[in-house]
Amino acid sequence: MRHTPSGTPVVSFPVMVNRRVPDGEGWKDATPTTHYCEKFGPEAENIAESLTKGTRVVVHGSLYTETWQDRETNQPRYAARVRVEEIGVSLKWATVSGIERSVRSSGTSTQGTDQGQDEPPF
């Protein structure tokens, strides 16, 4: 969890995708794929407070490519990222209790509102 220079909360986290593949005699674990996710705005704080490492999640978002110059080699670098739109706990092997609705500081519910005004334009 961090904040942008303008004070917007940002949470960044990896999500591992583990797949099972046939190996001729049964099934085996394939090499996990890591997807780096990030969320900007008030929901970032909620994600940071609500989820812990190892929690099974369902993520809905859009894939984009981040580009920058390597400081040492001055070569362009690239990384695929997921801009999270929605995230929730998977109920496949877990139960959830004590769900609380988030409220904005103005006292109105954040459910069903677009909070993208501080998000980067990608």
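Residues numbered from 1 in each chain as written. Predicted model: local features only at pLDDT ≥ 70, side-chain atom pairs only at ≥ 80, totals over all residues. Heavy atoms only, no water.

## What to know about the pairing of strand β2 (residues 9-17)
Right, so step 1: Relative to β2, strand β1 (residues 2-3) runs antiparallel, the two being bridged by 2 bridges. Counted as the bridge partner of R2 is V10 from β2.
Right, so step 2: Taking the residues that link successive antiparallel strands as the turn, the β1-β2 hairpin has 5 residues, and the phi of G7 there is positive, at about 100°.
Right, so step 3: Pairing analysis gives 8 bridges linking β2 to strand β5 (residues 33-40), with the strands arranged antiparallel. The residue of β5 that forms the bridge with V10 is F40. (Pairing = 2+ DSSP bridges. Helix = DSSP H or I, 4+ residues; strand = E, 2+ residues; numbered from the N terminus.)

## Observations regarding the sheet that holds β5
Right, so step 1: Taken in spatial order, the 5 strands line up as β1-β2-β5-β7-β6 in an open sheet, and their pairing is mixed. Each edge of the open sheet is held by one strand with a lone partner, namely β1 and β6 (57-69).
Right, so step 2: Both β6 and strand β7 (residues 76-89) contribute to a ladder of 13 bridges, which runs antiparallel. Each bridged residue has a counterpart across the sheet, and for T67 the counterpart in β7 is Y78.
Right, so step 3: Docked against the sheet, helix α1 (residues 42-50) engages β1, β2, β5 and β7, running at close to 50° with respect to β2. (Contact = heavy atoms within 4.5 Å. Axes fitted to C-alpha atoms, helices over the stretch in contact; angles between N-to-C directions.)

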